Amino acid sequence: MINNIPNIVYTLKHDLCTGCGICEGVCPFHAITTVVKEGRFLPYIDKSCCNNNKGCHKCYDVCPGLGVDLLRIAKEQFLDNDIKEDRLVGHYLKIFTGYSNDYDIRYHCSSGGIVSQLLVFLLEKKLIDGAVVTAFDPKNELMVRSYIARNREEVLKGKGSKYAPVSFNHIVQDIKNVEGNRFVIVGLPCHIHGFRKLEAFDKKFKEKIFGYFGLYCSSGRTFYLTEHVFKERGIKKEELQYFAYRDVGCLGSMVAKGIRGTSLKPFHIVERYQRYYHPLRSFFIPRRCLFCIDHYSELGDICFGDIHVAPYISDKVGVNSIVVRKRQWLDLLIEAQESGYITLDEINVAILNSSQEMAYKKKSRNVEFIAISKKCNGDRSVPEYDITLPKKIRLKRVIDYMQNRCQQFFGRHKSLWWLVSALKKNTSK
């Protein structure tokens, strides 16, 4: 290997893959294919096509699983004179709550539907040429696919949360090859980390990006989560006519509709999001997510999530929180409100942080998790961020880390899912 820089075999070997798929899109030799394995999107490397031994290593250079210079890139990106900085949120200009003024979008999209509605506004006003969103793949039940939406209908096909892996494996090439020069990408923190790393050496890609819509993320989930939820409720994916992880109102409910195969009787299951999702804890979380320190998508230009605090938590239709990091996006957000698409209300950073427990965990607990794994397994087992790790590790964090790793072990092995059900019941009473 030239300069001792490996390819993403290194990422896989040390279980640091986020499944983002960006490596496939940047490989100039088409040596990488994204496949589903053990409930996750993972890259498969065709060694006969790989030119890493001749100095390529582009897949390694963009890999967000290996970490990112979060603080450095944020300082380079967010340069407005009145920019503020918060330990949890990162850089920001203003913070809002808000919702779509279209009742159906507000009610059926996650939280207040601001992401979908803002994309519709941008497309209808011809301010962007397209937006990368994620929806269920109609050709493969419950598998998700990312694509470039060009109009309202295509945006709304991608509405709602996806508690499943999301891969952008073909998006890099799609954006570079498609007509247009103003694209928005909607993604999780790890996706945006990878795209920001890509921008450092791919000028053509960078010039076509109009902005990044970041989504708050407590952690990823494998496809096994959905499989387990369905198994417990007797849902067969081949019988489904409609499925959503979160629908019908603020925070929302899992909705599954379909026809039973043998009886031909219709079924309609509605179950509150918190009731089916929260008790599953870390059973279906990939190991890499335990080391993520970015809850608020700190490298996104404008970022969106729930707001779990009064009075917003009492809203039955839907309310988003929004973090704006660039003046351009603040102006566009205000324009969308003045055009009647959305409603906004400015809040302070303390209110937002009080609603996001996971933001605290990522900046404290997960940092200690990195230190624990690094101490036990060496530098290769953890991502690298431009932060200082704690010198002392608390015993309670060691216990917490061991519990999380045990839960993940149970979740990865279907033969042990009876333990998942038993332990889940003990925590959901």
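Check the entry above for the structure.
Everything quoted here is computed from the prediction, not taken from an experiment. Numbering of residues starts from 1 in every chain and runs along the sequence as written. It should be noted that, the model being predicted, local features are given only for residues of pLDDT at least 70 and side-chain atom pairs only at 80 or more, the latter also being counted only at that level, while totals for whole chains, interfaces and linings use all residues. Hydrogens and water are ignored here; the side-chain numbers use all heavy atoms of the structure.

Novice: What am I meant to see in the packing of aromatic side chains here?
Specialist: The aromatic pairing rule takes the rings of Phe, Tyr and Trp, using the six-membered ring of Trp, and pairs them if the centres are within 6.5 Å, calling planes under 30 degrees apart stacked, those over 60 edge-to-face and the rest tilted. By the definition in use, this model includes 25 aromatic pairs. Judged by centre distance (5.7 Å) and plane angle (15°), the rings of Y103 and Y107 are stacked. Pair noted here: Y103 and Y107 are both in helix α5 (residues 103-108), with a separation of four residues, about one helical turn. The classification of residues rests on relative accessible area computed with a 1.4 Å probe and restricted to protein chains. Under 20% of the type maximum is buried, over 50% is exposed, and intermediate values are partly exposed. The exposure class of Y107 is partly exposed, given its relative accessible area of 24%. Helix numbering and strand numbering both begin at the N terminus, where a helix is a DSSP run of H or I of at least 4 residues and a strand a DSSP run of E of at least 2.

Novice: It is not clear to me how the sheet that holds strand β10 (residues 240-247) should be interpreted in this structure. Could you clarify?
Specialist: To summarise the sheet geometry, strands pair through backbone hydrogen bonds and adopt either a parallel or an antiparallel arrangement. Between any two strands, pairing holds if DSSP finds at least two bridges. Reading across from one edge, β10-β11-β12 is the order of the three strands in this open sheet, with antiparallel pairing throughout. Pairing within the sheet leaves two strands with one partner each, and these edge strands are β10 and β12 (266-272). The sheet shows a mean angle of 5° between the axes of neighbouring strands, direction not considered. Here, residues are in contact when the closest pair of their heavy atoms is within 4.5 Å. Angles run from 0 to 180 degrees between N-to-C directions of axes, and those axes are lines fitted to C-alpha atoms, restricted for helices to the stretch in contact. Lying on the sheet, helix α11 (residues 223-233) is in contact with β10, β11 (253-259) and β12; it crosses β10 at an angle near 115°.

Novice: Explain the nonpolar core to me, please; I cannot follow it from the model alone.
Specialist: Across soluble globular proteins, nonpolar side chains have a tendency to be buried as a group. Nine residue types can take part in a nonpolar core, namely buried Ala, Val, Leu, Ile, Met, Phe, Trp, Tyr and Cys, and a core is a set of them joined through side-chain atoms within 4.5 Å. Of all hydrophobic cores here, the largest spans 68 residues; its most connected members are I175, I185, F195 and F205. When neighbours within four sequence positions are excluded, F205 is seen to be in contact with V172, I175, K176, I185, F195, L198, E199 and Y212.

Novice: How do you make sense of unusual backbone geometry when you look at a structure like this?
Specialist: Peptide bonds are trans in most cases, and residues, glycine excluded, mostly fall at negative phi. Looking along the chain, the bond that leaves A310 and enters P311 is cis, with omega of 0°. Considering the arrangement of structural elements, one finds P311 in the loop between β13 (302-305) and β14 (320-324). The residue K126 is not glycine, and still its phi comes out positive at about 55°. Along the chain, K126 falls in the loop between α6 (114-124) and β6 (130-136). By relative accessible area, K126 is classed as exposed at 64%.

Novice: Which parts of the structure should I look at to understand α11?
Specialist: Residues of α11 that are buried: F223, Y224, L225, T226, H228, V229 and F230. A positive backbone phi angle near 70° is found at G234, which sits one or two residues after α11.

Novice: For this particular structure, what's the right way to read the pairing of strand β5 (residues 94-100)?
Specialist: As a general feature of sheets, a regular strand has side chains that alternate between the two faces. Across the seven residues that make up β5, a large majority, five, are buried. In terms of strand pairing, β5 meets β14 through five bridges, oriented antiparallel. Along β14, the bridge assignment pairs I95 with V323. Where β5 lies against strand β15 (residues 342-347), six bridges are found, and the strand directions are antiparallel. In the strand pairing of β15, T97 is matched with D345.

Novice: Help me understand the pattern of salt bridges, please; the structure alone is not making it clear to me.
Specialist: Think of it this way: side chains of opposite charge can pair up when their charged atoms draw near. Take a side-chain nitrogen of Lys or Arg and a carboxyl oxygen of Asp or Glu: if they are within 4 Å of each other, that pair is a salt bridge. As enumerated under the stated definition, the model contains 25 salt bridges in all. In this structure, K176 and D202 form a salt bridge, with 2.8 Å as the shortest nitrogen-oxygen distance. Residue K176 is found in helix α8 (residues 171-177), and its partner D202 is found in the loop between α9 (189-199) and α10 (203-207); the two are separated by 26 residues along the sequence. Exposure class is identical for K176 and D202. Each is buried. The residue E199 makes a salt bridge to R196 at a minimum N-O spacing of 3.5 Å. Here the residue E199 and the residue R196 both occupy positions in helix α9, the gap between them amounting to three residues, near one helical turn. A relative accessible area of 10% means that E199 is categorised as buried. Overall, R196 belongs to the buried group, its relative accessible area being 7%. Among the charged side chains, a network of salt bridges with common partners joins E232, R233, E271, R275 and K424.

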